[in-house]
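A structural walkthrough
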Amino acid sequence: MSDPFYVDRHSNLSLFDQYQDTVDILRGYRVEVNYDLYVSPGGNDNNTGLSPSQAMKTITKAVHRIAADSLNIKTVHLLPGTYIEGENEQILPIPVKSNTNIIGAGSDQVTIYSDVLCAFGQPKFIGVRKCKNTIIRGFSIAEGVASNRIAILNTNTHTNLQLTDIVIQNMSVCKLGAIFFYQLFNGVIDSVVMRNINTPESAMQIVQIYDGTIRNSTFEYIHSTYTSPDTPGDDSWSMAVMNFWVWGSFKVENCTFRNISVQNNQFTFHISSGSNPETVVDVSVNNNLFDNIRSNSARAIGFAKNVAGNYRVSNNTFYNNFGAVSAVNVIGNIQMRNNIFVNSNCPYEINMSPVWFQGPLTVLDFDYNNIRGGFSAIYNPDHRNTLIYGSNNTSADPMFAGTTAGEPDYLRLAQGSPCIDSGTPDTTGLELLP
C-alpha cells in the first residue's frame, strides 16, 4: 500500500461499503531517504541534504524526499534565513507527511515569506491532510502582498499534532482563517503568536476538537470585515473570528487574546460544545487574559455547552471588552471561579442566554469571582435559567497595578488588591501555574 501522502481514499460510499485500496508501484518517480534532512535558503536541491553543509534549498522538495517512518520519526530542519516563495523553485504550500517533523531554528531566525499575488482560490503556506505524529515548530510566516492566504490548513483528521514557536503576522487571510483545522485528535498549539491579521470572517477555526490544547500563546490585533450577505447588520450566521467547536476535551490556558474586533454583528470569540446528545465534553479555560475584544452584537465572548460534561472558566481576567449587552455570554452548565470582570462600557458583564428552540437551559455556577457591579451585572432574561451566585464573590475595585497596555505591570494586581488570596481554597482541577 502506498503512503497516504501520495494516494489515499477520500471516503467510502457508505458505512457498508468499506473499500480498501492497494497501489502497485511499477516505477517510482523518486527514491525517499530515511534520514533527517537539512534545508537552507543558500542550499542546493542537488545536495544530499544529510548535513547543514550539504543543505537542500527547497522545503517542499525536502518533505518529498524524506521517508516517513513511524518507528523512527525524521525531521526536515530549516536552517536560519528567509524562504521566499518562487525563489529558485521554493514551492508553496509546504506539504506535511505523517511521522515527519518540520522544525526551524526558531521563529526569530526562520521566516517563510511570500509576495506572490494569487487572484483566485485560497493559497496556503502549509497544507496538512490526514496526518499523524507531526511537530511543526520554529519559524515565522509573513506575506508581502494581501492574497487571501491560509497560514496552516488541515482539511481532514489529524492526530498527534504539535504547533510550537510559530509567529503568523501581517497577513490578510481568507474567510477560513490563518489557522484552520478540522477533526483534531491530541493536538497541541503552544507558544504561537498570531498578530496583525485582517480577515473577511475568521482568523482561527478548529472544528471538531476531540482532544486539543492551546497554551502560552498570543492572539492580537485581529480584525474581521465580515458583513451579512442577506440583511445588513444581521450577522448571526457567520463564524466567530476565533471559533472553536469541541467534541471532547479542550484546554485554553495561559494565553492572551487582545485587540480583536469586527466590522458588524459578528461573534468575536466563541468556544462551543457539539450538539450531538451523546457527546460528553471537558472544557477548561484557565489563566488567560481577554482584553479589548469587541463586537456590535449582544456579546463579544461566548462560552456554550449544549451537551453533558464539564465546562470550567477559571483564573481569567476579562478587561475592557465590549458587546451591546454584555462582554461575556454563557449557554448551558458553566462553572466560573477566580475570574476578574471589568468591562466598564458594557451594560452587563455576563449575559445568561435565553432558552432557544430545543436548546439547553443555562446554569451558571459563579463563585470566588471579582465582578464589576456584583450580582446585578449578570443579566438573566429567562426565568428557566439558574444563577448560583456564591457568597464569596466581590465587586470591589480589583486594583490593577497598571492599565496602560505595554507596561510591565499591565493588569497585574497591585499590593493590597482585594483579589489577592481571595480565590477558592480548593484548587483541584484549576491547573494553576507554580
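The following refers to the structure shown. Predicted model only: the values in this text are computed from it and were never measured. (Residues numbered from 1 in each chain as written. Predicted model: local features only at pLDDT ≥ 70, side-chain atom pairs only at ≥ 80, totals over all residues. Heavy atoms only, no water.)

1. Regarding the overall build of the chain
We count it as follows: Helix and strand assignments come from DSSP, with helices taken as H or I runs of at least 4 residues and strands as E runs of at least 2, each series counted from the N terminus. In this description the radius of gyration comes from C-alpha coordinates, and the expected globular size is given by 2.2 Å times residues to the power 0.38. Burial classes: relative accessible area under 20% of the type maximum marks a residue as buried, over 50% as exposed, and values in between as partly exposed (1.4 Å probe, protein chains only). Only heavy atoms enter the contact rule, under which two residues are in contact if any of them lie within 4.5 Å. Note that accessible areas follow from Shrake-Rupley with a 1.4 Å probe, and for residues the cover is restricted to the protein chains shown. Counted as positive: Lys and Arg. Counted as negative: Asp and Glu, with His and the chain ends omitted from the count. By convention, the point assigned to a charge is CZ for Arg, NZ for Lys, CD for Glu and CG for Asp.
Summing up its helical and strand segments, the chain has 1 helix and 29 strands in all. Here the C-alpha radius of gyration of the chain, 23 Å, is about what a compact globule of 434 residues would show, namely 22 Å. For the C-alpha atoms alone, the extent of the chain along its principal axes is close to 75 × 55 × 45 Å. Considering the chain as a whole, with its 434 residues, one finds that 51% of them fall into the buried category. Long-range pairs, those at least 24 residues apart, make up 75% of the contacts in the chain with a sequence separation of at least 6. Taken as a whole, the chain presents about 19,400 Å² of accessible surface, with 50% of it coming from carbon and sulfur. Considering the chain, the positive charge centre built from 27 side chains and the negative charge centre built from 37 side chains are found 5 Å apart.

2. Some words on the pairing of strand E2 (residues 74-78)
Counted only if it meets this: Note on pairing: two strands pair once DSSP finds at least 2 bridges between them. By convention a crossover is right-handed if, when the strands point away from the viewer, the path from the first strand over the helix to the second runs clockwise.
When you tally the buried positions in E2, you get 4 out of 5 residues, the bulk of the element. Two strands pair when backbone bridges link them, and strand E1 (residues 37-39) and E2 are joined in this way by 3 bridges, in the parallel orientation. Paired with Val39 across the strands is Leu78, a residue of E2. In terms of handedness, the path from E1 via helix H1 (residues 59-65) over to E2 forms a crossover that is right-handed.

3. Some thoughts on the packing of aromatic side chains
For clarity, the threshold we go by: Paired rings are identified among Phe, Tyr and Trp, the last through its six-membered ring, by centres lying within 6.5 Å, and are further divided according to the angle between planes into stacked (under 30 degrees), edge-to-face (over 60) and tilted (the rest).
In this structure the tally under the stated criterion is 20 aromatic pairs. Taken together, a centroid distance of 4.4 Å and an interplanar angle of 0° make the contact between Phe185 and Tyr210 stacked. Within this pair, whereas Phe185 is found in strand E11 (residues 179-199), its partner Tyr210 is found in strand E12 (residues 204-215), the two being separated by 25 residues in sequence. When its relative accessible area of 30% is taken as the criterion, Phe185 is described as partly exposed. Overall, the relative accessible area of 28% leaves Tyr210 in the partly exposed class.

4. Brief notes about the nonpolar core
Using the following cut-off: Among buried residues, those of type Ala, Val, Leu, Ile, Met, Phe, Trp, Tyr and Cys that are joined through side-chain atoms within 4.5 Å constitute a nonpolar core.
Judged by nonpolar contacts, the single largest core of 86 residues is most densely connected at Met242, Ile271, Phe303 and Met336. Per-element accounting of this core gives the leading share, 7 residues, to E11. Those residues in contact with Met242 that lie beyond four places of it in its chain are Ala203, Met204, Phe219, Ile222, Phe257, Ile260, Thr268, Phe269 and His270. Residues Tyr319, Phe400, Tyr410 and Cys419 belong to the second largest nonpolar core, which totals 8 residues.

5. Brief notes about the state of the cysteines
Counted only if it meets this: Any pair of cysteine sulfurs within 2.5 Å is marked as a disulfide.
One pass over the full model with this rule turns up 0 disulfides. The closest cysteine sulfur to the non-disulfide-bonded Cys131 is located on Cys174, 19 Å from its own sulfur. Classification of Cys131 by relative accessible area gives buried; the value is 4%.

6. Structural notes on the pattern of salt bridges
What counts is decided by this rule: What makes a salt bridge here is a side-chain nitrogen of Lys or Arg within 4 Å of a carboxyl oxygen of Asp or Glu, nothing more.
Under the criterion given, the structure shown has 14 salt bridges. Note that Asp190 and Arg215 form a salt bridge whose closest N and O atoms lie 3.0 Å from each other. Highlighted residues: Asp190 in strand E11 and Arg215 in strand E12, separated in sequence by 25 residues. Note that Arg372 is salt-bridged to Glu349, the shortest N-O span being 2.6 Å. Taken as a pair, Arg372 in the loop between strand E27 (370-371) and strand E28 (378-379) and Glu349 in strand E25 (residues 348-352) lie far apart in primary sequence, 23 residues in all. Salt bridges sharing common partners tie together Arg195, Glu220, Arg258 and Asp291.

7. Let's talk about the layout of surface pockets
One simple way to see leftover space: roll a probe sized like a water molecule over the atoms. What counts is decided by this rule: The rule is simple: put a 1 Å grid over the protein atoms alone, call a set of points where a 1.4 Å probe fits but cannot get out a cavity, call an open set with protein on both sides within 12 Å along at least five of seven lines a pocket, and count a residue as lining if it has an atom within 4 Å of a point. Grid points are joined across faces, edges and corners, and a volume is the space filled by probe spheres set on the points. Each residue receives one of three labels: charged for Asp, Glu, Lys and Arg, nonpolar for Ala, Val, Leu, Ile, Met, Phe, Trp, Tyr, Cys and Pro, and polar for the others, Gly being one of them.
The calculated volume of the largest pocket comes to roughly 950 Å³. When grouped by side-chain class, the residues that make up the lining of the largest pocket number 12 nonpolar, 17 polar and 4 charged. Within this model, the second largest pocket holds a volume of roughly 630 Å³. Around the second largest pocket, the lining comprises 21 residues; the ones closest to its centre are Trp245, Phe267, His270, Ser272 and Asn306.

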